[in-house]
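Chain by chain, the residues:
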Amino acid sequence: MILPGLRTRTVLLIAAALACPGGVEAQTGGTAFTKATVLPAIATIGSALDFGTTTPTAVKTIAATAGGTFRVTGTPGVLVDVSFTFPTTLGHPLVAVGSWTGAQNSSPSAATSTPFSPSTSPQSFPLNASNGRLYLWIGGTLITSAAPAGTYSAPIVLTVVYN
Amino acid sequence: MRLRLTVCVISALAMSPGLAAAQSGSVTMAGTVLTAIAITGSDLRFGNVMTSQAKSVAPAAGGRFDITLAANAPVSVAYTLPSSLGPQVGVGGWVALYNTVNDPASAQTVPLSGASGTFNTASATGQMYFWLGATVTTSNAAPGSYSAPITFTLTYN
């Protein structure tokens, strides 16, 4: 006995099974997250690298540990990236400055500090785990070449960001 | 699409009882079941940022999606990228790399069009790797932790 109704239903079920669920199973999604942690602002205080007095033609070097000082305060224990922008003169072409040296410490003792080469490229240092402090000392060499008498200065710019 | 057309033919035959009783016919239904697509994602981490700062992470060091699928099967990839991680914490400048081997150095750049879009691709190896980099920009943002999802959805074409 032919049962056309039953036959039809069977065919449709097979067709529906092939047609519908396949599209759902063929799609897969994945999720990752973009994450960032915003930390409180960093504070910096600087004192000048002072070459004192010199003659019109001279070379004078100040060691880092006796030079200018920066004190950085941020979130305790966090790494920061430190970079510098240095002048090439003190505002007159015959008063050149360069050969920069550096020292760093998480305590205010220059005597126990660690030397580093200050650069325009970021270098990472940790902030003190207790008080969030970092101390940086900068030295350099002043070269005068028949420089006119006067008082000269130029800024050293320290940039600090969280690593 | 091929399967849906086949169903229409069968339905037309079924709705005509006369035809069903007096005639017989057959159609061929074909379907290919492909390997299930598997995706795992790892986060794009900017780490610590200042309250006002722009910080970029390159794709090779950023987030990653590892995908396993049928080799040589064309797929469409739909992506959704966040534009913000929270108040005053924007994210943009998205760069995506794609490769069929786990090597960002030899990967090719994926042309992204805005925060969401779709592109088609296939992998001869059955593996796909996507690397994602971006820039987070804070502007007087409040200290805290911020996050937003990146979604990739793959569909066999």
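The rules behind these values
- Within each chain, residues carry numbers counting from 1 in the order of the written sequence.
- Starting at A for chains and at 1 for ligands, labels are handed out in the order in which the entities are written.
- Only residues with pLDDT of at least 70 get local features here, since the model is predicted, and only at 80 or more are side-chain atom pairs given and counted; chain-wide, interface and lining totals rely on the full set of residues.
- The helix count covers DSSP runs of H or I at least four residues long, the strand count covers runs of E at least two residues long, and both are numbered beginning at the N terminus.
- Burial is judged by counting the other C-beta atoms within 10 Å of a residue's own C-beta: 20 or more makes it buried, 12 or fewer makes it exposed, and any count in between marks it as partly exposed, with every C-beta position built from the backbone.
- Once C-beta atoms have been placed from the backbone, residue pairs whose C-beta atoms lie within 7 Å are recorded as contacts.
- pLDDT runs from 0 to 100 and stands for how confident the predictor is about each residue.
- Pairing between two strands requires that DSSP report at least two bridges joining them.
- Axes here refer to lines fitted to C-alpha atoms; in helices the fit is confined to the stretch in contact. Angles between the N-to-C directions go from 0 to 180 degrees.

## Points about the overall build of chain B
When you go through chain B residue by residue, the secondary structure sums to two helices and 11 strands. Within chain B, buried positions represent 26% of all 157 residues. Expressed as a percentage of contacts within chain B between residues at least 6 apart in sequence, the contacts between residues at least 24 apart total 78%.

## Some details on the environment of Gly41 of chain B
On the secondary structure map, Gly41 of chain B appears in strand β1 (residues 38-42). For Gly41 of chain B, a count of 21 C-beta atoms within 10 Å corresponds to the buried category. Gly41 of chain B sits 26 residues away from Ile67 of chain B along the chain, and the two C-alpha atoms are 8.8 Å apart. Excluding residues within four positions of it along the chain, Gly41 of chain B makes contact with Gly30, Thr31 and Ala32 of chain A together with Gly63 and Phe65 of chain B.

## Thoughts on the confidence of the model for chain B
Detailed conclusions should not be drawn from predicted coordinates in areas where pLDDT is low. Residue and element names in this part refer to chain B. For chain B, per-residue confidence averages 85 on the pLDDT scale, and 85% of positions sit at 70 or higher. Per-residue pLDDT stays below 50 along residues 1-20; that stretch engages in 23 contacts with residues further than four places along the chain or on separate chains. Note on the complex model: pTM 0.71, ipTM 0.75.

## Quick notes on the sheet that holds strand β8 (residues 123-126) of chain A
Residue and element names in this part refer to chain A. Strand order across the open sheet formed by three strands is β8-β5-β10, with antiparallel pairing between neighbours. This sheet does not close on itself; its edge strands, each paired only once, are β8 and β10 (157-162). Sheet twist, expressed as the average angle between the axes of neighbouring strands with direction ignored, equals 35°. When strand β5 (residues 79-85) meets β8, the two strands line up antiparallel, connected through four bridges. Along β8, the bridge assignment pairs Asp81 with Ser124.

## Some details on the pairing of strand β9 (residues 133-144) of chain A
Residue and element names in this part refer to chain A. Pairing of strand β3 (residues 58-62) with β9 involves five bridges; the strand directions are antiparallel. Considered in β9, the bridge of Ile62 is made with Gly140. Taken together, the six bridges between strand β4 (residues 68-73) and β9 define a ladder with antiparallel strand orientation. Bridging from a neighbouring strand, Val72 pairs with Leu134 of β9. With nine bridges connecting them, strand β6 (residues 95-105) and β9 associate as antiparallel partners. By the bridge assignment, Ala103 is partnered in β9 with Trp137.

## As for the pairing of β6 of chain A
The pairing of β6 of chain A with strand β7 (residues 114-116) of chain A spans three bridges and is antiparallel. Bridging from a neighbouring strand, Gln104 of chain A pairs with Thr114 of chain A of β7 of chain A.

## Digging into the sheet that holds strand β11 (residues 144-156) of chain B
Here five strands make up an open sheet; going across it, the order is β2(B)-β1(A)-β11(B)-β5(B)-β9(B) and the pairing mixed. Bordering the open sheet on either side are β2 (44-49) and β9 (116-121) of chain B, each of which pairs with just one other strand. Across this sheet, the average inter-strand angle for adjacent strands is 15°, counted without regard to direction. With four bridges joining them, strand β1 (residues 27-38) of chain A and β2 of chain B adopt parallel strand pairing. Along β2 of chain B, the bridge assignment pairs Thr34 of chain A with Leu44 of chain B.

## Topic: unusual backbone geometry
All names here are of chain B. Phi angles above zero are rare outside glycine, and Asn72 is one such case at about 65°. Looking at where Asn72 falls in the secondary structure, it is placed in the loop between β4 (63-68) and β5 (75-80). Of note, Asn140 is a non-glycine position whose phi angle comes to about 55°, a positive value. Summarising the element assignment, Asn140 is placed in the loop between β10 (127-138) and β11.

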